Structures are given as C-alpha cells and as structure tokens.
Amino acid sequence: MAYTVRGCSLAFICITMWLLIKAKIDVCKRGGVTVKPSHVISLGSAVNISCSLKPKQGCSGYSSSNKLILYKFYRKIHFQQGLTLSSQVTDLPLGTTVFVCKLACSSSDEIRICGAEISVGVVPEQPQNVSCIQKGEHGTVACTWDRGRDTHLYTAYTLQLNGPKNLTWQKQCTDHYCDHLDLGINLKPESPESSYTAMVTAINRLGSSSSFPSIFTFLDIVKPLPPWDIRIKFLNASVRRCTLHWRDEGMVLLNRLKYRSIDGGSWNMVNVTNAKGKHDLLDLKPYTEYEFQIASKLHLHKGIWSDWSESLRTQTPEEEPTGMLDVWYMKQHINYNKQQISLFWKNLSVSEARGKILHYQVALQEVAGGKVPLQNITEHTSWTWVIPRTGSWTATVSAANSKGSSLPARINITDLCGAGLLAPHHVSAHSEGVDNMVVTWKPPGKAVQEYVVEWRELHPEGSTQPPLNWLRSASSSVSALISENIKPYVCYEIHVYALSGDQAGCSSIWGSSKHKAPLNGPHIHAITEEKGGILISWNRIPAQEQMGCILHYRIYWKERDSDSQPQLCEIPYRISQNSHSINSLQPRVTYILWMTALTAAGESPRGNEREFYLQGYLFSFRPSDLSGTAEKFQTQRIALGLKNIPPWRRRRSSPWKGS
C-alpha cells in the first residue's frame, strides 16, 4: 500500500511540474506568483504567497474591477480587489501543495494568472543499522540501512567506504526511496583482517544527517557461496562406511552439515572444521531415504554463514534384517489322519526389515523321527500345508532381503484349545470407540507364559476364509485393545489363547465396535412337517444388513385371520443359525409365521411371512419346547401346502413383541 501511495505522489508531482511549466509559458504572461521564504519549507512553517498583475493585463476599465483569487488546489482560500494579492498560509501538510492565482472580471470567466507549488518535508533522520556484505570471495560489496521516516522531499543518499592505504569508494542513490547500494567493488582476501569503514549520508533541501560508522574486515562481511556438487558414497555398498562429498570456495574453514530421514525425522546437525569437502557419517540407518544440506563459513568465530546448499536426497543401502517375525497359525482337521496347518505372519517394521523383503522362507518339521522338513519360499504372508495328525510339529519362518535373512521365528504346533485348565475365564468384549474394542478376561488357574488375542470377521462378504488378526499380550495382562482391521457394524469372532510351553487353552466371544438393530429379518425359505412338530429353515441375513452381532432369532406365529397376539419362540444364535423345530401347533389349522433378529441394540423389522397348513395329528405341547433345538426324528416328512401370503392380507404394523 505504501508503494502505491508513493507511486501516486511521484506521478502527481510530475503532472504538477508539467502544469507549472505550461503555466509559465501560457498563463504567467499576465502576472506572477512569488513565495517567501521558500518553495520548500519544513513541517509547521508558514509561507507568504503574493500574486500580481503585469501592466495592462487587468480587466478593461478601472483597476477596481480587477478581482484576484488564490486557489489551494481547487478550493478558494483568499481574494482581493486590485492589481496585487498577498496571503499567509499555515498548517500545510507533508508533500506538495499547488496554489493558483486567477483574475475575475465582471460578467466573464476566471482567467489564470500564474501558480506555484510548495513542498513540505522534514530533515532526514540519521540512517541506522548500516550493514555490508560481499557474496562470495569474488562478489561485490553491497550495503543496506534503515532510512527512518519518509522526508516527503527528494533526498539523496551517499554511501562511502574507506579502506586501508586511504582508499575511498563512494556512490550515490538515484532512486527516490533508497535503502541499499552496491558499490561494485570486490574486497580482496590478501589482508583479511584489514579494517573498512562504511558510512551513509542523507541530504535534502532542509538539511542532512549521517550514520554512525560501520567498521568491519574482509572476514566479517564475506558470505561464502553455498556448497555445490554434493554427493554421497557408500564403501562396499554398506551404510557403515559412508562419506559425504561437496565442493566449496577456497577460503572456507568451517562447514555445518544437517541431515534427516525423509519420513519426518528432526534435523541432525554437525559442525566440521577443515573438512576440505568431505565428512564421514556413521549413524545412518539402512534402507532409509535421507536429505542432506551443507553451509559454509570463512572463520571459526566471525563472519557470515552461507545459505544452505541445495538438498541432496538419497537412500542408504540395505542391511540384513533384524528381529524375528510374529508368527501365528490355525489348525483344521480334514479327516481321521490328516490336518491342515495354516501359518500367518506379520510384516517386519521398516527398521527391522532394513531393506525390501524379497521372500519368506518357511519350514514345517516333525519334532521326532528325523524326517526331512517341509520347506517352501513364498512372497506372501501366509502358507498352508496338509500334514498327518500324528506326531508333534514345529514351524519356522524367516524374512529375506538382498543382504540376508532374519533369524527364524519358531512356533510349536499344538492344540490351541486342548488344555482346559489353561482356558481364560469370563472373556468379554466391549466397544472403545468406532474402530476399537477392549477384550478382558480373568487368568486361568495355571501359570501362563503369554496370551494371544485373535479376531476375524464372523461372516465376511465374498470370502470363505476371513483375514486373521492377532496380538500378543504379557502373562500379567487381563485386557487388550484391538484396533487393527476393526470396522463398525461388523461382528467379530474373538479368541483369547493362554500359552504355556507346548500346551494352550482358549475361550471365545463375539463382539462389535458399534451396533444397531439389523436392517431386515431372516427370510424363511422352507417349512416341513415332521413327527412331533415342524422344521423351519431360513436364510442367513446378509452381513451388511446384520449391523453387529446377532444374539437371538425370534419366530412368531398366529392363526390366520386371528386378531390375537402372536406366540413367539426365541432362539440363541449360537444354538441354531438356519433352522429350528416347533412342537406346539394344532393340526388342521392354517398359520401365518415370520421371523426377526436381535442384536444388543434392538430387534429387526419382520422378515417375509409364510402361510402353512398343518395336516398331522395333534401334538402334545410342553413349554420347554419353545427353546433349544428340537430333535429331528428320522421319519417320513409330509410336505405342507405352502404359499406366500398375498400382499392384501399382510399387516402393515411392526412385529408383535412376545410376552
């Protein structure tokens, strides 16, 4: 904004001067304007302005008909009858003010006589903070200073540099607003401790002022050029033998190196004396991308640091992996003499991998018998074998990069739920936010070496084998926070395993991080009559509509065309997931039946309705028949006459609640 105002002021001054010159030629033929004491005055001073007509330049007739008018810009400030006019003007603002004298004759337009401009300003303040710098050993000396307040007048600034042997260099600013100058000279390093004195003088029509002298040496003001041609070398492609190289100006004595990993690490700083363009770095991590920059200085204790060099980015070489993989497994019986072993492992961290993992080496060995182990190499993080159910087995997995392999992680293959005395007690799971769950348990009676908490989706979409997740917990733990691969409104099957030597015990629970009532009820697809009752079969609710863990199903039924409340049977989900028998129906009666599902958050809307007619004999009824899974008798089933209920016969109300 300040530059805009200054630009406008300069333009205004130029236009005004042009107008005044034109006025001298065209207007001032009739008279003149004088200003005393000066056309340039200091702020707060008064000025006398006089206007006079030349002979025979007034109005025709008597001189009393002459009326002289003085304008300040476009505003009248004074008038007087006769051939002359005088006025004292005070309180003029900073900057330039234009005055114009005009002649008014009766019944005629005003005629310009002449004009004048008056400039109001202040004496220059003393220039402060004079500072000089020479960029590079072969650069030129440039100095800067603080001008202080604006003088509102043309002010000349002169920079003078005095050196040894009475040498003097001087240069004056031609800019209207000047606060820096380049002398265009180069100080030589032959006498680096010789003193130089720089001083700035400001002068205008109202006075002058000079800065305090600034005294310095060659070493004080020379700012080296930034180092260039930065490169790094790794001896034998090893991060342990690393040398950083660069090029510098000849007189550089001190270097400052900074480097950091690209992944957001803080800068490491190193000062190096007499490096001569190289330095060994011993603390770099393998297979890590680093950024390097270097600055230079001519003297240990004085002078100016160069700007930082351009960044060098490079990745350090790989090293052999460290640490061991976290391995877990699943065991599944295939038949009386075969079992399937699925091994899973987690990726090493970047600091452990120390390179790009190319593959994993997997081996499965029978502990006794001396047989050749089963071995394989894979790029995946899982592997599956089918092995005999006899004998004890152990598995090892290691990760390999271009420099070698990690230590093999060993795990004994045992029956994870075989030791009942090691089973954790009172396992529970509750939400800890949208993407987290807390699993708690009470320890078993026997000593435990560690716990493993395992979880996976109970009903994954589009996958017969859900992804397996696990974490390890210390033997003293009674809870664990699980957050990896946890999604809201999804039911997870959670196992807590207690490990002790070659034995293990387990307990399980279902849980979800967030839940609400299912979006739809189960779809009944078949009802068959069997001795002692009927068997109802339904399709599982799609996983995306379950909205959490389903705890119960409810089967509702009532006689057709009856206004009575329906009867219901509530079935725990774990007991029966797709069929259930009912033994409490009357023969030769038409019934309407539907189902709902419940999570901890509530009950779903009713599913589809089915109408059926029971043709069999009257069945005895016991209240205990309303829960549990009825025994299915191996008798001839008689098909029922089943059909979907026409839409006009369906009720539009919400499902009846059982009492």
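These figures come from a predicted structure and were not determined experimentally.

1. Describing the overall build of the chain
Phase 1 of the analysis: For the chain, the count of helices and strands is four helices and 49 strands.
Phase 2 of the analysis: Sorting the 659 residues of the chain into buried and exposed places 44% on the buried side.
Phase 3 of the analysis: Residue pairs at least 24 apart in sequence account for 66% of intrachain contacts in the chain once pairs closer than 6 positions are excluded.

2. Concerning the nonpolar core
Phase 1 of the analysis: With 31 residues, the main nonpolar core has L325, V327, W328, L343, W345, V397 and I413 as its most contacted residues.
Phase 2 of the analysis: If you list the elements that add at least two residues to this core, you get β25 (327–333), β26 (338–345), β27 (359–366), β29 (382–388), β30 (393–401), β32 (409–413), β38 (492–500) and β39 (503–511).
Phase 3 of the analysis: Contacts of W328, omitting those with residues within four sequence positions, involve S342, L343, F344, I411, L416, V452, E454, L468, W470, R472, Y497 and L499.
Phase 4 of the analysis: Membership of the second largest hydrophobic core comes to 26 residues, among which are C491, I524, C569 and M595.

3. With respect to the state of the cysteines
Phase 1 of the analysis: For the structure on display, the rule yields seven disulfides.
Phase 2 of the analysis: Each sulfur in the disulfide pair C28 and C114 lies 2.0 Å from the other. Between C28 and C114 the sulfur-sulfur dihedral comes to about 75°; the bridge is accordingly right-handed. Of this pair, C28 sits in the loop between α1 (2–27) and β1 (31–36) while C114 sits in strand β8 (residues 111–121), and the two are 86 residues apart along the sequence.
Phase 3 of the analysis: In this structure C28 comes out as buried when scored by relative accessible area, which is 8%.
Phase 4 of the analysis: Overall, the relative accessible area of 2% leaves C114 in the buried class.
Phase 5 of the analysis: Disulfide pairing is shown between C59 and C105; the S-S distance is 1.7 Å. On the S-S bond that ties C59 to C105, the torsion sits near -90°, and the link is left-handed. A residue pair is termed long-range when its members are at least 10 positions apart, and C59 in the loop between β3 (47–53) and β4 (67–72) and C105 in the loop between β7 (95–104) and β8 qualify at 46 residues.
Phase 6 of the analysis: Classification of C59 by relative accessible area gives buried; the value is 11%.

4. Some thoughts on the confidence of the model for the chain
Phase 1 of the analysis: Here the chain averages 86 in pLDDT, and 88% of its residues register 70 or above.
Phase 2 of the analysis: Note on residues 1–14: pLDDT under 50 across the span, and eight contacts to partners over four residues away in sequence or across chains.
Phase 3 of the analysis: The low-confidence segment residues 20–25, where pLDDT is below 50, has six contacts with residues more than four positions distant or belonging to other chains.

5. A closer look at the packing of aromatic side chains
The geometry of an aromatic ring pair is captured by the separation of the ring centres together with the interplanar angle, meaning the angle of the planes.
Phase 1 of the analysis: Considering all chains together, one arrives at 14 aromatic pairs under this definition.
Phase 2 of the analysis: Here Y290 and F292 contribute two aromatic rings whose centre-to-centre distance is 6.1 Å and whose plane-to-plane angle is 35°, an arrangement assigned as tilted. The exposure classification of Y290 matches that of F292, with both residues buried.
Phase 3 of the analysis: Through successive ring pairs, a cluster of aromatic residues spans W510, W538, Y553 and Y573.
Phase 4 of the analysis: Over the aromatic face of F79 sits the side chain of K67, whose NZ or CZ is 4.7 Å from the ring centroid.
Phase 5 of the analysis: Here the guanidinium or amino end of R606 rests over the ring plane of W594, the centre of that ring lying 4.2 Å away.

6. As for unusual backbone geometry
Phase 1 of the analysis: Backbone torsion omega between K36 and P37 reads 10°, so that peptide bond is classified as cis.
Phase 2 of the analysis: Inspection of the secondary structure puts P37 in the loop between β1 and β2 (40–42).
Phase 3 of the analysis: The phi dihedral of N129 is positive, around 50°, even though this residue is not glycine.
Phase 4 of the analysis: Here N129 shows up in strand β9 (residues 128–135).
Phase 5 of the analysis: One non-glycine residue, Y287, lies in positive phi territory at about 50°.
Phase 6 of the analysis: With respect to the element layout, Y287 can be found in the loop between β22 (278–281) and β23 (289–297).
Phase 7 of the analysis: Here Y287 falls in the partly exposed class, since its relative accessible area comes to 26%.

7. A look at the sheet that holds strand β21 (residues 268–273)
Phase 1 of the analysis: Here we have four strands laid out as an open sheet, ordered β21-β20-β23-β24, and antiparallel in their pairing. Every interior strand has two partners, whereas the edge strands, β21 and β24 (312–315), have only one. Each adjacent strand pair in this sheet contributes to an overall mean axis angle of 25°, direction not counted.
Phase 2 of the analysis: By the bridge criterion, eight bridges tie strand β20 (residues 254–261) to β23 in an arrangement that is antiparallel. Counterpart to S261 in the pairing with β23 is Y290.

8. Here we look at the environment of L244
Phase 1 of the analysis: Relative to the helices and strands, L244 resides in strand β19 (residues 242–247).
Phase 2 of the analysis: Judged by relative accessible area, which is 1%, L244 ranks as buried.
Phase 3 of the analysis: Between the alpha carbons of L244 and G277 there is a distance of 8.1 Å; along the sequence they are 33 residues apart.
Phase 4 of the analysis: For L244, the residues in contact, after removing those within four places along its chain, are I230, R231, I232, L257, G277, K278, H279, L281, F292, I294 and L312.

9. Some thoughts on the side chain of S398
Phase 1 of the analysis: If you trace the backbone, S398 turns up in strand β30.
Phase 2 of the analysis: Accessibility expressed as a relative area gives 6% for S398, which makes it buried.
Phase 3 of the analysis: Residue contacts for S398: discarding those within four places in its chain leaves L325, H359, Y360, Q361, S405, S406, L407 and P408.

10. A short note on the sheet that holds strand β34 (residues 437–442)
Phase 1 of the analysis: Here we have three strands laid out as an open sheet, ordered β33-β34-β37, and antiparallel in their pairing. Looking at which strands have only one partner, the edges of the open sheet turn out to be β33 (425–431) and β37 (479–482). Across the sheet, the mean angle from the axis of one strand to that of its neighbour is 15°, orientation sign disregarded.

11. A closer look at the pairing of β3
Remark: a regular strand shows side chains that alternate across the two faces of the sheet.
Phase 1 of the analysis: With burial as the criterion, only one face of β3 is covered, namely that bearing V47, I49, C51 and L53; the residues N48, S50 and S52 on the opposite face remain uncovered.
Phase 2 of the analysis: Two elements, β1 and β3, share six bridges in a ladder whose sense is antiparallel. Residue pairing for β3: V33 is matched across the bridge by C51.
Phase 3 of the analysis: Two strands pair when backbone bridges link them, and β3 and strand β6 (residues 84–89) are joined in this way by six bridges, in the antiparallel orientation. Counterpart to V47 in the pairing with β6 is V89.

About the criteria used
Residues numbered from 1 in each chain as written. Predicted model: local features only at pLDDT ≥ 70, side-chain atom pairs only at ≥ 80, totals over all residues. Heavy atoms only, no water. Helix = DSSP H or I, 4+ residues; strand = E, 2+ residues; numbered from the N terminus. Buried < 20%, exposed > 50% of the residue type's maximum accessible area, 1.4 Å probe, protein only. Contact = heavy atoms within 4.5 Å. Core = buried A, V, L, I, M, F, W, Y, C linked by side-chain atoms within 4.5 Å. Disulfide = S-S within 2.5 Å. pLDDT = per-residue confidence, 0-100. Phe/Tyr/Trp six-rings, centres within 6.5 Å; stacked < 30°, edge-to-face > 60°. Lys NZ or Arg CZ within 6 Å of the ring centre and 35° of its normal. Pairing = 2+ DSSP bridges. Axes fitted to C-alpha atoms, helices over the stretch in contact; angles between N-to-C directions.

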